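Residues per chain are reported as follows:
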Amino acid sequence: MGVRVREMVTCPQPKCRYQQAGENEECKKCGKSLKGVKRKWYVYTAHGGKRKAKCVGSENAARKVADKVQAKLSLDDFGILDEKPVVPTVEEVGKKWLDYIRSVRRETTVERYENAMDLHVLPRFGEEKARRFDQEA
Ligand SMILES: [Zn+2]
C-alpha cells in the first residue's frame with residue numbers, strides 16, 4: 001500500500017515514445033536525448049492489489065493529490081470507507097415509534113398499540129429489516 005509521486009518523461013522519438021523516469025538524460029530504450037523534453041508529474045498508488053497512475057500537472061499539484069489519496073487510503077485501511085448503513089429491524093423501528101407515541105398520546109392508547117405490536121406485528125415481521133413503505137419489495 002502506498003502513494004508515490006514521480007516525475008516522468010516520454011521519449012520524443014515518434015517510434016519509441018518510451019515512458020521513463022524524469023531524471024533520465026537520454027532515453028533508456030533508444031538513447032535519444034531527453035534534454036528540454038517536458039516532464040510530467042504522476043501520482044502512483046498501489047492499494048489492495050490495484051495499481052493506478054494519474055498524470056498531474058506540476059510537482060506541487062502531484063504532492064497535493066498524493067496527500068489526499070494517502071488520507072483516503074488510510075481511512076480505507078481502517079475500514080471506514082466500507083461501512084454500510086445499518087438497516088434497522090421492524091422491531092427496532094417499532095420500539096422507537098412507540099416511544100414517540102408515548103410522548104404524545106395517553107397511556108391507554110399506548111397500551112393498545114403496544115399490544116397490537118406484540119400480538120400481530122413483531123411475531124411475524126419483528127426480525128425483518130425495515131423498509132420504507134414506498135419502496136418496492
Ligand atoms: Zn526512446
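The residue numbering used here restarts from 1 in each chain and proceeds along that chain's sequence as written. Reporting in this predicted model follows two pLDDT cut-offs: at least 70 for local features of residues, and 80 or more for side-chain atom pairs to be given and counted; totals over whole chains, interfaces and linings ignore these cut-offs and use all residues.

Peer 1: What's the story with the domain arrangement of the protein chain in this structure? I'm lost.
Peer 2: Boundary definitions for the domains trace back to an automatic or database domain assignment. Looking at the assigned domains, one finds that the protein chain contains domain 1 (2-82) and domain 2 (90-125). Averaged C-alpha coordinates put domain 1 and domain 2 at centres separated by 60 Å.

Peer 1: So what exactly am I meant to see when it comes to the environment of Val-90 here?
Peer 2: Summarising the element assignment, Val-90 is placed in helix H2 (residues 90-104). Here the C-beta atoms are placed from the backbone, and a residue counts as buried if at least 20 other C-beta atoms lie within 10 Å of its own, exposed if 12 or fewer do, and partly exposed otherwise. For Val-90, a count of 18 C-beta atoms within 10 Å gives the class partly exposed. As for Val-90 and Phe-125, which are separated by 35 residues in sequence, their C-alpha atoms are 6.4 Å apart. Apart from residues no more than four positions distant in its own chain, Val-90 is found in contact with Val-121, Phe-125, Gly-126, Glu-128 and Ala-130. Numbering goes from the N terminus for both helices and strands, where a helix is a DSSP run of H or I of at least four residues and a strand is a run of E of at least two. Residues are treated as contacting if the C-beta atoms built from their backbones sit within 7 Å of each other.

Peer 1: Would you mind going over the sheet that holds strand S1 (residues 2-10) with me for this structure?
Peer 2: Strands pair in a sheet through their backbones, by hydrogen bonds, and they do so in one of two ways: parallel or antiparallel. Pairing in this open sheet of 4 strands is antiparallel, and the strands run S2-S1-S3-S4 from one edge to the other. The two strands at the open ends of the sheet, each matched to only one other strand, are strand S2 (19-21) and strand S4 (50-56). Between one strand axis and the next, the sheet turns by 40° as a mean value, whatever way the strands run. Sheet topology note: the S1/strand S3 (residues 40-47) ladder contains 7 bridges and is antiparallel. In the sheet register, Val-3 faces S3, and the bridge partner there is Thr-45. Contacts from helix H1 (residues 59-77) reach S1, S3 and S4 within the one sheet, and its direction differs from that of S3 by about 10°. Pairing between two strands is assigned when DSSP locates at least 2 bridges connecting them. Where helices are involved, their axes are fitted lines through C-alpha atoms of the stretch in contact, as for all axes, and angles between N-to-C directions lie from 0 to 180°.

Peer 1: Explain the packing of H2 against helix H3 (residues 107-125) here, please?
Peer 2: In helix packing, the relevant descriptors are the interaxial angle and the interaxial distance, both defined with respect to the helix axes. Relative to each other, H2 and H3 sit at 175°, their axes nearing to 11 Å. Taken together, the axes of H2 and H3 lie roughly antiparallel to each other. Taking contact as the criterion, the partners of Val-90, Glu-91, Gly-94, Leu-98, Ile-101 and Arg-102 in H2 are, on H3, Val-110, Tyr-113, Glu-114, Met-117, Val-121, Leu-122 and Phe-125. Under this grouping Gly is polar, as are all residues other than the nonpolar Ala, Val, Leu, Ile, Met, Phe, Trp, Tyr, Cys and Pro and the charged Asp, Glu, Lys and Arg. Along the lines of polarity and charge, the residues of the contact of H2 with H3 split into 9 nonpolar, 1 polar and 3 charged. For this classification, under 35 degrees means roughly parallel, over 145 means roughly antiparallel, 65 to 115 means roughly perpendicular, and everything else is oblique.

Peer 1: Before we go on, may I ask you to explain the pairing of S3 in this structure?
Peer 2: Here is the key point about a regular strand: its side chains alternate between the two faces of the sheet. Sheet topology places S3 next to S4; 7 bridges connect them, and they run antiparallel. Within S4, the residue paired with Trp-41 across the bridge is Val-56. Between S3 and S4, which follow one another and run antiparallel, lie 2 residues, and Gly-48 among them has a positive phi close to 55°.

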